[in-house]
Amino acid sequence: MGVLGIGGLFFRAHDPDALTIWYRDMLNVGAGCSATDSGPPDQWSWETQGGPVVFAPFKADTDYFPPDKQFMLNLRVNGLDALLASLSAKGVAVETRPEWNDPKIGQFARIYDPEGTPIELWEAPTA
């Protein structure tokens, strides 16, 4: 008995329909989407691959993400460079900083959804 993992992420949006489409089209995230080798999705859920999930409250005055946002979404990715090229080609601003990367932890990049929510893209190091 106990918690098995995150069952959902729910947040407010000014235009939920438009944001749903953006996440689906830009990142393949949301209802009806599935990660490679994860199985078929249904109309309500997003099928993901298993793996680590960091659950970590940050100090209220952190500068790791914008002070007007209560959370930052971190997404595990495969093929970060190709994803960043695809997002850039679609007009999404991509931010990378060498100091974010660590050979033991992986590579990171940051984008923002149309409502300004920070999204950290993380590619774990290859084994």
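Quick look at the pattern of salt bridges now. Applying the stated criterion to the full structure yields three salt bridges. Notably, a salt bridge pairs Asp25 with Arg24, separated by 3.3 Å at the nearest N-O pair. With relative accessibility at 43%, the residue Asp25 sits in the partly exposed group. Judged by relative accessible area, Arg24 falls into the partly exposed class, the value being 39%.

Looking now at the sheet that holds strand S1 (residues 73-76). Ordered by their spatial adjacency, three strands build an open sheet running S1-S3-S2, and the pairing between neighbours is mixed. Pairing within the sheet leaves two strands with one partner each, and these edge strands are S1 and strand S2 (107-112). Pairs of neighbouring strands in the sheet enclose a mean axial angle of 25°, with direction left out of account. Seen against the sheet, helix H1 (residues 16-27) touches S1, S2 and strand S3 (118-123) and runs at an angle of roughly 25° to S3.

A separate point is the nonpolar core. Within the largest apolar cluster, 18 residues are counted, with the highest numbers of intra-cluster contacts made by Trp22, Tyr23, Leu27, Leu87, Ile111, Ile119 and Leu121. Secondary-structure elements contributing two or more residues to this core are H1, S1, helix H2 (80-89), S2 and S3. For this core, the element with the highest residue contribution is H1, accounting for five residues. With residues near it in sequence (within four places) discarded, Trp22 still touches Leu27, Val92, Ile111, Tyr112, Asp113, Pro114 and Ile119.

On to the side chain of Thr117. Structurally, Thr117 is set in the loop between S2 and S3. The class of Thr117 is buried, set by a relative accessible area of 9%. Not counting the four nearest positions on each side in its chain, Thr117 is found in contact with Tyr23, Lys69, Phe71, Ile111 and Tyr112.

Once that is clear, we can look at H2. Among the residues of H2, those classed as buried are Leu80, Leu83, Leu84 and Leu87. All buried residues of H2 project into a common sector of 100° when viewed along the axis, lining one side. In this structure, H2 carries Asp81, Ala82 and Ala89 as exposed residues pointing more than 90 degrees from its buried face. Buried residues in H2 make contact with H1, S2 and S3.

Attention shifts here to the packing of aromatic side chains. The full count for this structure, using the stated rule, is six aromatic pairs. Judged by centre distance (5.8 Å) and plane angle (15°), the ring pair of Phe58 and Tyr64 falls under stacked. By relative accessible area, which is 45% here, Phe58 ends up partly exposed. Judged by relative accessible area, Tyr64 falls into the partly exposed class, the value being 27%. Where Phe108 meets Trp122, the ring centres are 6.4 Å apart and the plane angle is 15°; that geometry is what we call stacked. Residue Phe108 is found in strand S2, and its partner Trp122 is found in strand S3; the two are separated by 14 residues along the sequence. We classify Phe108 as buried; its relative accessible area is 11%. Judged by relative accessible area, Trp122 falls into the buried class, the value being 13%. Members of the aromatic cluster, connected to one another through ring pairs, are Phe11, Trp22, Tyr23 and Phe71. The positively charged end of Arg110 is found above the aromatic ring belonging to Tyr64, 4.7 Å away from the centroid. Residue placement shows Arg110 over the ring face of Trp100; its charged tip is 4.6 Å from the ring centre.

Analysis parameters
- Residues numbered from 1 in each chain as written.
- Predicted model: local features only at pLDDT ≥ 70, side-chain atom pairs only at ≥ 80, totals over all residues.
- Heavy atoms only, no water.
- Salt bridge = Lys/Arg side-chain N within 4 Å of Asp/Glu carboxyl O.
- Buried < 20%, exposed > 50% of the residue type's maximum accessible area, 1.4 Å probe, protein only.
- Pairing = 2+ DSSP bridges.
- Helix = DSSP H or I, 4+ residues; strand = E, 2+ residues; numbered from the N terminus.
- Axes fitted to C-alpha atoms, helices over the stretch in contact; angles between N-to-C directions.
- Contact = heavy atoms within 4.5 Å.
- Core = buried A, V, L, I, M, F, W, Y, C linked by side-chain atoms within 4.5 Å.
- Arc of directions from axis to C-beta.
- Phe/Tyr/Trp six-rings, centres within 6.5 Å; stacked < 30°, edge-to-face > 60°.
- Lys NZ or Arg CZ within 6 Å of the ring centre and 35° of its normal.

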